[in-house]
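Breakdown of the fold
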Amino acid sequence: MKRALLIMAAVAAISAPAMADEALAKSKNCMACHAVDKKLVGPAYKDVAKKYAGNAKAADMLAEKVVKGGSGVWGAIPMPANPQVSAADAKKLVAWVLSQK
């Protein structure tokens, strides 16, 4: 019984941050253009994670793009700037995006 409770607590601890960051993405309107597993206006988060896997500089670069916007990497449609997203929130969002598999 104790082992089952420990396993349930571990699963909750692992999944809670992911849900919290998805909630952050929704609150910052990221999900209007992105989805976890399919392309909308912008790329799927799983595709972003795959593209930047193993790139040590990706997190900082992507966090900056979240705030300042960018273009040319995923096609002709630019990503608009999101000045309402703080640098700290951008880093949380990018960490969550890069964790998608």
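For the structure, check the block above.
The following paragraphs examine the structure supplied in this document. (Residues numbered from 1 in each chain as written. Predicted model: local features only at pLDDT ≥ 70, side-chain atom pairs only at ≥ 80, totals over all residues. Heavy atoms only, no water.)

**A word on the packing of aromatic side chains**
- Enumeration according to the criterion identifies one aromatic pair in this entry.
- Ring centres 5.4 Å apart and planes at 75° place the aromatic pair Tyr 45 and Trp 96 in the edge-to-face group. Taken as a pair, Tyr 45 in helix α2 (residues 45-52) and Trp 96 in helix α4 (residues 87-98) lie far apart in primary sequence, 51 residues in all.
- Given the relative accessible area of 4%, Trp 96 is considered buried. (Phe/Tyr/Trp six-rings, centres within 6.5 Å; stacked < 30°, edge-to-face > 60°. Helix = DSSP H or I, 4+ residues; strand = E, 2+ residues; numbered from the N terminus. Buried < 20%, exposed > 50% of the residue type's maximum accessible area, 1.4 Å probe, protein only.)

**As for helix α3 (residues 58-68)**
- Listing the buried residues of α3 in full gives Ala 58, Leu 62, Ala 63 and Val 66. Down the axis of α3, the buried side of the element spans an arc of 125°, and every buried residue falls inside it. Facing away from the buried side of α3 by over 90 degrees, the exposed positions are Asp 60 and Lys 68.
- The inward-facing, buried residues of α3 contact α2 and α4.
- The positive-phi residue at the C-terminal boundary of α3 is Gly 69, with phi of around 85°. (Arc of directions from axis to C-beta. Contact = heavy atoms within 4.5 Å.)

**Looking at the nonpolar core**
- Membership of the largest hydrophobic core comes to 17 residues, with the highest contact counts inside it found for Tyr 45, Leu 62, Leu 93 and Trp 96.
- Of all elements in the fold, only α1 (2-27), α2, α3 and α4 reach the threshold of two or more residues within this core.
- Element by element, the count of residues in this core is highest for α4, at five residues. (Core = buried A, V, L, I, M, F, W, Y, C linked by side-chain atoms within 4.5 Å.)

**Here's the deal with the environment of Lys 68**
- Mapped onto the elements of the fold, Lys 68 is located in helix α3.
- Spatially, the C-alpha atoms of Lys 68 and Val 85 are 9.6 Å apart, while their sequence positions differ by 17 residues.

**Some points on a nonpolar patch on the surface**
- A contiguous nonpolar patch, built from Leu 40, Val 41 and Ile 77 and spanning about 260 Å² of accessible area, is present on the exposed surface.
- With respect to the secondary-structure elements, Ile 77 resides in the loop between α3 and α4.
- For Ile 77, a relative accessible area of 57% translates into the label exposed. (Patch = residues over 30% accessible without salt bridge, like charges linked within 9 Å, V, L, I, M, F, W, Y side chains within 5 Å. Areas by Shrake-Rupley, 256 points an atom, 1.4 Å probe, with all protein chains shown as cover. Salt bridge = Lys/Arg side-chain N within 4 Å of Asp/Glu carboxyl O.)

**Thoughts on the layout of surface pockets**
- Estimated volume of the largest pocket: approximately 680 Å³.
- When residues of the lining of the largest pocket are traced back to their parent elements, those giving at least two are α2, α3 and α4.
- In terms of residue count, α4 provides more of the lining of the largest pocket than any other element does, four residues in total. (1 Å grid on protein atoms, 1.4 Å probe; cavity = no way out; pocket = protein on both sides within 12 Å on 5 of 7 lines; lining within 4 Å. Points joined across faces, edges and corners; volume = space filled by probe spheres on them.)

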